[in-house]
Amino acid sequence: MNLLSSLCIILTIALSSCASVEKVNLPKRGDITFVSESDGTTKIKVVAAAESYDDAVKEAEVYAIEQIFFRGLANSQQRMPMIGTGESSEKSKNKAFFDDLFEKNRYKSFVPESKPIGSVKYGQGVQVEMLVTVDHRSLRRDLESNGIIRKLGY
């Protein structure tokens, strides 16, 4: 009897100490750092995460463009946001444009180069560090021709 009660106590302790593994959500976006500029392009180092490597790469590229659109890049000629700081209002006001740009991958025409620096695999996803080059001159012309921003000097 003593053996049976000892076994039950050990089993109870062992089962109660088993904790369920909680899924940790990775932040979708991390650091963004200006690297260099030349002739209408801006090179940016971006950290982003998603469930798959390809999704994380897309997240990094989109993050770089959204940074230029709505927040600007410190220490660059793109210090001021290209569109403005009201990201959610601009996206809802111009929903068709942004859906076409990001959901249909049209943004890729403004990213001439995107190179991975490194990646880390997590249990539920992948975090990548990328060097993303954005053609901000063509991006500005596209925004102007679609009526998202006004032409400079007009």
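Residues numbered from 1 in each chain as written. Predicted model: local features only at pLDDT ≥ 70, side-chain atom pairs only at ≥ 80, totals over all residues. Heavy atoms only, no water.

## Describing the overall build of the chain
For step 1, the next point in the chain: Summing up its helical and strand segments, the chain has five helices and four strands in all.
For step 2, the next point in the chain: The 154 residues of the chain split such that 35% are buried.
For step 3, the next point in the chain: Taking as baseline every contact in the chain between residues at least 6 positions apart, the subset at least 24 positions apart corresponds to 57%.
For step 4, the next point in the chain: Total accessible area on the chain stands at roughly 9800 Å², and carbon and sulfur atoms take up 53% of it. (Helix = DSSP H or I, 4+ residues; strand = E, 2+ residues; numbered from the N terminus. Buried < 20%, exposed > 50% of the residue type's maximum accessible area, 1.4 Å probe, protein only. Contact = heavy atoms within 4.5 Å. Areas by Shrake-Rupley, 256 points an atom, 1.4 Å probe, with all protein chains shown as cover.)

## Section: unusual backbone geometry
Both trends apply: most residues other than glycine have a negative phi, and most peptide bonds are in trans.
For step 1, the next point in the chain: Residues other than glycine seldom take positive phi values, yet D39 does so here, at roughly 45°.
For step 2, the next point in the chain: Following the sequence through the fold, D39 ends up in the loop between β1 (29-38) and β2 (41-50).
For step 3, the next point in the chain: Look at N75: it is not a glycine, yet its phi comes out positive at around 65°.
For step 4, the next point in the chain: Looking at N75, the relative accessible area reads 69%, which means it is exposed.

## Examining the packing of helix α2 (residues 53-70) against helix α4 (residues 95-103)
For step 1, the next point in the chain: In the contact formed by α2 and α4, the axes pass within 11 Å of each other and the chain directions differ by 145°. Here K58, V62, I65, E66, F69 and F70 of α2 come into contact with α4, specifically with F98, L101, F102 and E103. (Axes fitted to C-alpha atoms, helices over the stretch in contact; angles between N-to-C directions.)

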